[in-house]
Amino acid sequence: MEKLTNKEEEIMCILWKLEKGFVNDILEHMPEPKPHYNTLSTLVRILEEKGVVSYKAYGKSHQYYPLVKKEDYRKMFMEETMEKYFDNSFSNLVSFFVKDKKLSKTELDELMEIIEKNKK
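Cut-offs and rules
- Residues numbered from 1 in each chain as written.
- Predicted model: local features only at pLDDT ≥ 70, side-chain atom pairs only at ≥ 80, totals over all residues.
- Heavy atoms only, no water.
- Domains from an automatic or database assignment.
- Phe/Tyr/Trp six-rings, centres within 6.5 Å; stacked < 30°, edge-to-face > 60°.
- Helix = DSSP H or I, 4+ residues; strand = E, 2+ residues; numbered from the N terminus.
- Axes fitted to C-alpha atoms, helices over the stretch in contact; angles between N-to-C directions.
- Parallel < 35°, antiparallel > 145°, perpendicular 65-115°, else oblique.
- Contact = heavy atoms within 4.5 Å.
- Nonpolar A, V, L, I, M, F, W, Y, C, P; charged D, E, K, R; others polar.
- Polar contact = N/O pair within 3.5 Å; in protein donor to acceptor, adjacent residues only side chain to side chain.
- Pairing = 2+ DSSP bridges.
- Core = buried A, V, L, I, M, F, W, Y, C linked by side-chain atoms within 4.5 Å.
- Buried < 20%, exposed > 50% of the residue type's maximum accessible area, 1.4 Å probe, protein only.

> What am I meant to see in the domain arrangement of the protein chain here?
Think of interface size as the accessible area that goes away when the parts come together; that is how it is often given. Examined at the domain level, the protein chain breaks down into domain 1 (6–66) and domain 2 (89–119). Each of domain 1 and domain 2 has a C-alpha centre, and these two points are 35 Å apart.

Have a look at this one:
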């Protein structure tokens with residue numbers, strides 16, 4: 001599976017939330033400024049070509065649905081990010097957020113608890 005563009009990811013997030021939808025349904029959930037209907041339709045067809053979306057036809061209308069689970073895409077994206085930016089090191093990832101003050105003490109404590117539970 002290839003990495004999606006930001007706009008493609010935005011559409012996928014909407015489809016994961018909706019589970020299925022017509023282009024108008026997706027458009028309704030897009031943030032402002034909303035893309036033109038034809039632009040969105042083209043992007044959805046590109047997602048179909050990439051094999052991450054399929055559709056059920058109702059006459060000339062298509063109801064789209066994701067073929068890729070959000071969890072599977074997230075895993076692929078995180079593995080790529082870990083390799084590309086953090087040398088496959090979770091400690092580098094966590095220290096990045098700690099140094100950037102993105103993690104609170106409570107969140108760090110929660111992480112430590114998760115680590116302890118998974119040591120078994």
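> Help me understand the packing of aromatic side chains, please; the structure alone is not making it clear to me.
Two aromatic rings, taken as a pair, are described by how far apart their centres are and by the angle between their planes. Tallied over the entire structure, the rule returns four aromatic pairs. Between W16 and Y73 the ring centres are 6.0 Å apart and the planes differ by 40 degrees, which places this aromatic pair in the tilted class. Of this pair, W16 sits in helix α1 (residues 6–18) while Y73 sits in helix α4 (residues 70–86); the two residues are 57 residues apart in sequence, bridging distant segments of the chain.

> Sorry, what's going on with the packing of α1 against helix α3 (residues 37–49) here?
Two quantities define a packed helix pair, namely the angle between the axes and the distance from one axis to the other. At their nearest, the axes of α1 and α3 sit 10 Å apart, and the two run at 85 degrees to each other. As far as their axial angle goes, α3 and α1 are roughly perpendicular. Across the interface between the two elements, K7, E8, I11 and M12 of α1 pack against L40, L43, V44, I46 and L47 of α3. Within the contact of α1 with α3, the residues separate by chemical class into seven nonpolar, no polar and two charged.

> Where do I start with the packing of α4 against helix α5 (residues 90–99) in this structure?
Close contact between α4 and α5 brings their axes to 10 Å; oriented N to C, the two are set at 80 degrees. When the axes of α4 and α5 are compared, the pair comes out roughly perpendicular. Residues M78, M82 and F86 of α4 touch α5, and the partners they reach there are F90, N92, L93 and F96. Each residue belonging to the contact of α4 with α5 can be placed in one class, and the counts come to six nonpolar, one polar and no charged.

> What am I meant to see in the environment of N118 here?
Residue placement: N118 occurs in the segment after α6 (105–117). At a separation of 2.8 Å, a polar atom in the side chain of N118 contacts the main-chain carbonyl oxygen of I114.

> Looking at this structure, how should I read the pairing of strand β2 (residues 61–66)?
Along any regular strand the residues' side chains alternate between the sheet's two faces. Bridging between strand β1 (residues 53–58) and β2 involves six bridges; their strand directions are antiparallel. Bridge pairing in β2 places Y55 opposite Y64. Linking β1 to β2, which pair antiparallel, is a turn of two residues; within it G59 sits at a positive phi near 65 degrees.

> Where do I start with the nonpolar core in this structure?
Note on soluble globular proteins: their nonpolar side chains tend to be buried together. Counting residues in each nonpolar core, the largest one holds 20 residues, and the members touching the most others are I11, I26, L40 and V53. Looking at this core, the element that brings in the most residues is α1, giving five residues.

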